[in-house]
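Report on the structure
Listed here are the chains, written in short residue letters.
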Amino acid sequence: FDPNIFSRMVFNSRKETVKIVRTFEKISSTSIKQHQLMYEYLLWNMSTSSRAIARVFLVGKIGSLKLDKNVMYIKCMLSVLVLVVSLGIMMYYVIAFQSTIGVESLQLWLLIVFLCFGVDSLVIQPVAILMKWAVVVSYFKFELLELKNRIQKRSHLMLTRSFGVIQSYKWFAQHLNPACRAARFYPISTFPVSR
């Protein structure tokens, strides 16, 4: 047991706790705050490699939903603009070089466009969906399900308790998990998931 490593872990936990609490300050709904706290708790109970992947694929970025919608809208508009510009450039080259290539350039261009669309929609997109939502998620699925089952067994007793403290308040998980530290900022009476 190295005290320097432990103090670094506590420092990192405190830093992450500040980020979580700042996210909570942006959220007005109590139920969404509780959902976000449980999301953070689940993330911080995972191994480091699983946590990085799960943070991308699990739904839980509630505090920044407004920003995400604006960013998504901008990305959508930029992609439509790039599509229109690229189609315009392709049509320019087809029309400009039609006299040197011949009449078949338009048919060849149409064949290539439809072939690319077919390959993209029938091969590339299904493989991308499979990789993103099946293969990568299966990496942390069992760890997350095991954690969910453990929490599910104990949560009813913890949430219905009206007095007393948790016996494990001295455990490292209470000090190293940023979600546990963030839960201390909110009263248990209005925020049951803090227990």
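Definitions and cut-offs
- Residues numbered from 1 in each chain as written.
- Predicted model: local features only at pLDDT ≥ 70, side-chain atom pairs only at ≥ 80, totals over all residues.
- Heavy atoms only, no water.
- Helix = DSSP H or I, 4+ residues; strand = E, 2+ residues; numbered from the N terminus.
- Buried < 20%, exposed > 50% of the residue type's maximum accessible area, 1.4 Å probe, protein only.
- Contact = heavy atoms within 4.5 Å.
- pLDDT = per-residue confidence, 0-100.
- Lys, Arg positive; Asp, Glu negative; His and termini not counted.
- Salt bridge = Lys/Arg side-chain N within 4 Å of Asp/Glu carboxyl O.
- Axes fitted to C-alpha atoms, helices over the stretch in contact; angles between N-to-C directions.
- Parallel < 35°, antiparallel > 145°, perpendicular 65-115°, else oblique.
- Nonpolar A, V, L, I, M, F, W, Y, C, P; charged D, E, K, R; others polar.
- Expected span 1.5 Å × (residues − 1).
- Left-handed = near helix turned anticlockwise from the far one by under 90°.

For the rest of this paragraph, the subject is the overall build of the chain. Per the secondary structure count, the chain includes 9 helices and 0 strands. Ordered by position in the sequence, the α and β elements of the chain form the string α-α-α-α-α-α-α-α-α. Across the 195 residues in the chain, those meeting the buried criterion constitute 22%. Excluding contacts between residues fewer than 6 apart, the proportion of contacts in the chain whose partners are at least 24 apart in sequence is 69%.

Turning our eyes to something else, we now look at the confidence of the model for the chain. Counting all residues, the mean pLDDT for the chain is 76, and 75% of those residues have values of 70 or more. Predicted confidence is poor over residues 62-67, with pLDDT under 50, and the contacts of this stretch with residues over four places away or in other chains come to 8 contacts.

Along the polypeptide, Lys 33 turns up in helix α2 (residues 30-44). Lacking a salt bridge, the buried Lys 33 has Glu 25 as its closest oppositely charged neighbour, with an N-O distance of 8.6 Å. Setting aside residues no more than four positions away along its own chain, Lys 33 makes contact with Phe 24, Ile 27, Tyr 186 and Phe 191.

Within the element layout of this structure, Leu 87 appears in helix α4 (residues 65-96). Through-space distance from the C-alpha of Leu 87 to that of Val 113 is 9.9 Å; in sequence the pair is 26 residues apart.

This next bit is on the packing of α2 against helix α3 (residues 48-57). Where α2 contacts α3, the axes come no closer than 9 Å and their chain directions differ by 150 degrees. Classified by the interaxial angle, the pair formed by α2 and α3 is roughly antiparallel. Residue-level inspection shows Tyr 39, Glu 40, Leu 43 and Trp 44 of α2 in contact with α3, the latter providing Arg 51, Ala 54 and Arg 55. Per-class residue counts for the contact of α2 with α3 are 4 nonpolar, no polar and 3 charged.

Over its 15 residues, α2 runs 21 Å from end to end, which matches the ideal 21 Å to within 8%, given 1.5 Å per residue. Listed as buried for α2 are Lys 33, Gln 36, Leu 37, Tyr 39, Glu 40, Leu 42, Leu 43 and Trp 44.

Tallied over the full model, the rule gives 1 salt bridge. In this structure, the salt-bridge partner of Glu 16 is Lys 19, at a minimum N-O distance of 3.4 Å. Here Lys 19 and Glu 16 lie together in helix α1 (residues 3-26), a separation of 3 residues that amounts to about one turn. Looking at Lys 19, the relative accessible area reads 48%, which means it is partly exposed.

This part covers the packing of α1 against α2. Think of two packed helices as two axes; the pair is described by the angle between the axes and how far apart they sit. In the contact formed by α1 and α2, the axes pass within 10 Å of each other and the chain directions differ by 160 degrees. The orientation of α1 with respect to α2, classified from their angle, is roughly antiparallel. As for the relative orientation of α1 and α2, their crossing is right-handed in sense. Where α1 approaches α2, its residues Glu 16, Ile 20, Thr 23 and Phe 24 are matched on the opposing element by Lys 33, Gln 36, Leu 37, Glu 40 and Trp 44. Looking at the contact of α1 with α2, its residues break down into 4 nonpolar, 2 polar and 3 charged.

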